[in-house]
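Structural overview for review
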Amino acid sequence: MKNVDEARETPMGAPQEELAAGMRSDRSTRNRVARSILDHGPSTVTELAGRLGLTPAAVRRHLDALVADDVVEAREQRVYGTRGRGRPAKVFALTDCGRDAFDQSYDQLAADALRWIQERFGGDEAVVAFARARIAEQAAAYRRAIEAAAPEDRTEALARALSADGYAATARSAPVGEQLCQHHCPVAHVAEKFPQLCEAETEIFSQLLGTHVQRLATIAHGDGVCTTFIPKISKPHQHDHNASASNASASTAGRNPA
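The structure contained in this document is the topic of the report that follows.

Rules and cut-offs
- Residues numbered from 1 in each chain as written.
- Predicted model: local features only at pLDDT ≥ 70, side-chain atom pairs only at ≥ 80, totals over all residues.
- Heavy atoms only, no water.
- Phe/Tyr/Trp six-rings, centres within 6.5 Å; stacked < 30°, edge-to-face > 60°.
- Buried < 20%, exposed > 50% of the residue type's maximum accessible area, 1.4 Å probe, protein only.
- Patch = residues over 30% accessible without salt bridge, like charges linked within 9 Å, V, L, I, M, F, W, Y side chains within 5 Å.
- Areas by Shrake-Rupley, 256 points an atom, 1.4 Å probe, with all protein chains shown as cover.
- Salt bridge = Lys/Arg side-chain N within 4 Å of Asp/Glu carboxyl O.
- Lys, Arg positive; Asp, Glu negative; His and termini not counted.
- Charge placed at Lys NZ, Arg CZ, Asp CG, Glu CD.
- Helix = DSSP H or I, 4+ residues; strand = E, 2+ residues; numbered from the N terminus.
- Axes fitted to C-alpha atoms, helices over the stretch in contact; angles between N-to-C directions.
- Parallel < 35°, antiparallel > 145°, perpendicular 65-115°, else oblique.
- Left-handed = near helix turned anticlockwise from the far one by under 90°.
- Contact = heavy atoms within 4.5 Å.
- Nonpolar A, V, L, I, M, F, W, Y, C, P; charged D, E, K, R; others polar.
- Expected span 1.5 Å × (residues − 1).
- Arc of directions from axis to C-beta.

This brings us to the packing of aromatic side chains. All told, the structure shown has one aromatic pair when counted by the stated rule. Arranged with centres 5.4 Å apart and planes meeting at 65°, the rings of Trp116 and Phe121 form a pair that is edge-to-face. Overall, Trp116 belongs to the partly exposed group, its relative accessible area being 42%.

A contiguous patch of negative charge on the surface is contributed by Asp69, Asp70, Asp96, Asp100 and Glu192. Along the chain, the position of Asp100 falls in helix H5 (residues 96-100).

Inspection of the secondary structure puts Leu209 in helix H10 (residues 196-209). For the pair Leu209 and Arg143, spaced 66 residues apart in sequence, the C-alpha separation works out to 8.8 Å.

Geometry of a packed helix pair, given as the angle between the helix axes and the separation of the axes. One way to put it is that helix H6 (residues 107-120) packs onto helix H7 (residues 124-147) with a least axis distance of 7 Å and a crossing angle of 130°. Accordingly, the angle class assigned to the pair H6 and H7 is oblique. Once H6 is placed against H7, the crossing between them reads as right-handed. On the side of H6, the interface is formed by Leu114, Ile117 and Gln118, while H7 contributes Asp124, Ala126, Val127 and Phe130. Per-class residue counts for the contact of H6 with H7 are five nonpolar, one polar and one charged.

Our focus in this paragraph is H6. Spanning 14 residues, H6 covers 20 Å between terminal C-alpha atoms, matching the ideal 20 Å at 1.5 Å per step. When we look at burial in H6, the residues that qualify are Asp107, Ala111, Leu114 and Ile117. Projected down its long axis, H6 carries its buried residues within an arc of 120°, all on one side. Every exposed residue of H6 that faces more than 90 degrees away from the buried side is listed here: Leu109, Glu119 and Arg120. Considering only its buried residues, H6 is in contact with H7, helix H9 (188-193) and H10. Taken from the residues just after H6, Gly122 is the one with a positive phi, measuring 105°.

Close contact between H7 and H10 brings their axes to 8 Å; oriented N to C, the two are set at 35°. Here H7 and H10 pass one another in a crossing that is right-handed. Within the contact between the two elements, H7 uses Asp124, Val127, Val128, Ala131, Arg132, Ile135, Ala139, Tyr142, Arg143 and Ile146 and H10 uses Gln196, Leu197, Ala200, Glu201, Glu203, Ile204, Leu208 and Leu209.

The structure is reproduced here in C-alpha cells:
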C-alpha cells in the first residue's frame, strides 16, 4: 500500500498548483505566438514553430486556443507572383481583437481628436495637414537612416527605422522592385476612419526614397500587413553608354582638328 500512503502524504494543493502553473505557461506561450504574428505578419505553423522553438503540434494547439478566443484567424496565404501547384498554405493573422490586446488603447481618443479637428478647422483638408505634419516629424529619423545607407539598402534602412517606432517592418525583394511590409500599425483603427494618415505616410515614403511608391495593402483596410511596393530605379545600361560613346565618335569622324 505504499502508493496509497504516498498519495495521502501529498499536499492537497499540489495538483491545483501544478495546474495553475501549467495554465500560466500556456498563456505565456500563447502571448509569444501572438507577438510573433504581430512582429512578422501572417505566419504558417511551420514558420511559427521555427521562430519560437516549438513543435508544430504545440503551435497548432496554441493557435486553436487563440482562434477560439478571437485573437487570431486562419487565412489563405497570399501569393505574390506565380502560384505553384497544390492548395495555398494556411496562415494565421491577428484579428482586430488581437491587435487591441497590444497597444491601441488610445484609439478612441485619437479618433475623437481628429474628428474635432475636421469639424472645427476646415474639414478633410485640416486632417490632411495634421497627418502630413505628424509624419514629417517622424520622418526626420527615417531620413537620417536612409541617407546613411547605401542606395541598394535604403528600403531595409527605412524598415529598421519604422520598426524602432513600433511598426514591425521588413523589406523583401519583389519582381521589378521591393516590398516594404509593416506587420503592425499602432494607429490602424484610427486610420480606418481617417485614411489621410495612410496617404500621408505613403507620400513621405516616396519623398524619402526618391521614387514613386504604391501602397498595395493596409491593415486599416483589413489586410494582414501594410504593403508598399517600391519599384527598382532603372540605371543606364552599359551598352547604352557604349552606344552613345560610339555615336559621339562617329559624329566627329572625318573632322579636321581645330
